[in-house]
Amino acid sequence: MNASPHRSAPCRCHVLTPLVAVLMVITVGPMVAMAVDDVAEKVESSLAESKSSTEPKPDAASAIDAALATDTASELSVAPLDQFSYPEDRPAWLNDLPKLDGDLQSWVVVSSPAESREESEEERKRLQRAALIHYVQGQTDGDTSNEYLSVTDEWIENNLITDRYTGEVKQGDTILYENAAKLSFDKAIQSEIALAWKRVQVRDRLAATGVLVAGGLCCLVFSSFLTGLIGRRFSSAADPQ
């Protein structure tokens, strides 16, 4: 008797394996993705911390420099107490330099800011006398300008000053005063100075000539006296008694 062939039932494990794999992918996949995201966030955070730690931080010196710069800017916003402020209508000729050539020459003198108008005026008078002496010395190469030219305030006022100025100067909250004058030397004044200088030269020559003449006379008198004395001695020696 022939036995009937036996057919075995299909194994369930072959059917479950793909299903299990699919389930594992479905359940584990999101977890792996979350883990990867977490690792990426930690890496980025670590990089950011390392970058911030490598950046230069302001030190104490930089902070001090910044504070000094701020203080300096604050100080510059306030005018210094030793700075003078002048009115807008102050004449421009006060800044002119001495003009010592041409038909009309000039010399500007300006007093320093003073506490009173009288002090500034007195200083201006001293400055203009000194300016006149220096001017005459420069024009004549002489050192005795005050000997032949009447350097008085009245003479200067009447003959030389052509412009005057008296004004106020502010130093902080203090009101000060300045006084200025322009000395002008026209052709007439220049000729007067030259003529006076020639007179001085003639006087000096005459004085020198007078000294020579007086010296010669003294020598002549002395020599005459000496000759007479010697003559009398010889006469006494030759005439027996």
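Student: Can you explain the overall build of the protein chain? Please cite residues and give values.
Tutor: Counting secondary structure elements, the protein chain contains six helices and four strands. Sequence-ordered secondary structure for the protein chain, helices as α and strands as β, is α-α-β-β-α-α-α-β-β-α. Each of the 241 residues in the protein chain was classed as buried or not, and the buried ones make up 20%. Carbon and sulfur atoms provide 60% of the accessible area of the protein chain, an area that totals close to 18300 Å².

Student: Talk me through the nonpolar core; I want residue IDs and the actual numbers.
Tutor: Within the largest apolar cluster, 16 residues are counted, with the highest numbers of intra-cluster contacts made by Leu132, Ile156, Leu160, Leu183 and Phe185. Counting only elements with at least two residues in this core, the list comes to β2 (105–110), α3 (117–140), α5 (153–159), β4 (174–185) and α6 (187–238). Considering each element in turn, this core owes the most residues, four residues, to α3. For phenylalanine 185, the residues in contact, after removing those within four places along its chain, are Asp103, Leu104, Gln105, Ser106, Trp107, Leu132, Tyr135, Leu160 and Gln190. In terms of nonpolar packing, the next biggest core, distinct from the first, is built from five residues, Trp93, Val108, Tyr165 and Ala180 among them.

Student: Outline the sheet that holds strand β3 (residues 161–171), supporting the account with residue identities and numerical values.
Tutor: If you walk across this open sheet you meet the four strands as β1-β3-β4-β2, and the pairing is antiparallel. The open sheet terminates on both sides in strands that have one partner only, identified here as β1 (84–85) and β2. In terms of strand pairing, β2 meets β4 through six bridges, oriented antiparallel. Bridge pairing in β4 places valine 110 opposite alanine 180. Docked against the sheet, α3 engages β2, β3 and β4, running at close to 30° with respect to β4.

Student: With reference to specific residues and values, describe the environment of glutamine 137.
Tutor: You can see glutamine 137 is positioned in helix α3. By relative accessible area, which is 25% here, glutamine 137 ends up partly exposed.

Student: Which residues make up α3, and what values go with them?
Tutor: An ideal rise of 1.5 Å per residue puts 34 Å on 24 residues; α3 measures up with 35 Å between its terminal C-alpha atoms. All of the buried residues in α3 are Ser120, Glu123, Arg124, Lys125, Gln128, Ala131, Leu132, Tyr135, Val136 and Thr140. Immediately beyond the C-terminal end of α3, within one or two residues, lies aspartate 141, with a positive phi of roughly 55°.

Student: Quick one: what's the story with the packing of aromatic side chains, residue by residue and with numbers?
Tutor: Counted by the stated rule, this structure contains one aromatic pair. Each ring, one from tyrosine 135 and one from phenylalanine 185, has its centre 3.7 Å from the other, and the planes form 10°; the classification is stacked. In this pair, tyrosine 135 is assigned in helix α3 and phenylalanine 185 in strand β4, connecting sequence segments 50 residues apart. Judged by its relative accessible area of 2%, tyrosine 135 is buried. Under the relative-accessibility criterion, phenylalanine 185 is labelled buried at 0%. Taking NZ or CZ as reference, arginine 90 lies 4.3 Å from the ring centre of tyrosine 86, over its face.

Conventions used here
Residues numbered from 1 in each chain as written. Predicted model: local features only at pLDDT ≥ 70, side-chain atom pairs only at ≥ 80, totals over all residues. Heavy atoms only, no water. Helix = DSSP H or I, 4+ residues; strand = E, 2+ residues; numbered from the N terminus. Buried < 20%, exposed > 50% of the residue type's maximum accessible area, 1.4 Å probe, protein only. Areas by Shrake-Rupley, 256 points an atom, 1.4 Å probe, with all protein chains shown as cover. Core = buried A, V, L, I, M, F, W, Y, C linked by side-chain atoms within 4.5 Å. Contact = heavy atoms within 4.5 Å. Pairing = 2+ DSSP bridges. Axes fitted to C-alpha atoms, helices over the stretch in contact; angles between N-to-C directions. Expected span 1.5 Å × (residues − 1). Phe/Tyr/Trp six-rings, centres within 6.5 Å; stacked < 30°, edge-to-face > 60°. Lys NZ or Arg CZ within 6 Å of the ring centre and 35° of its normal.

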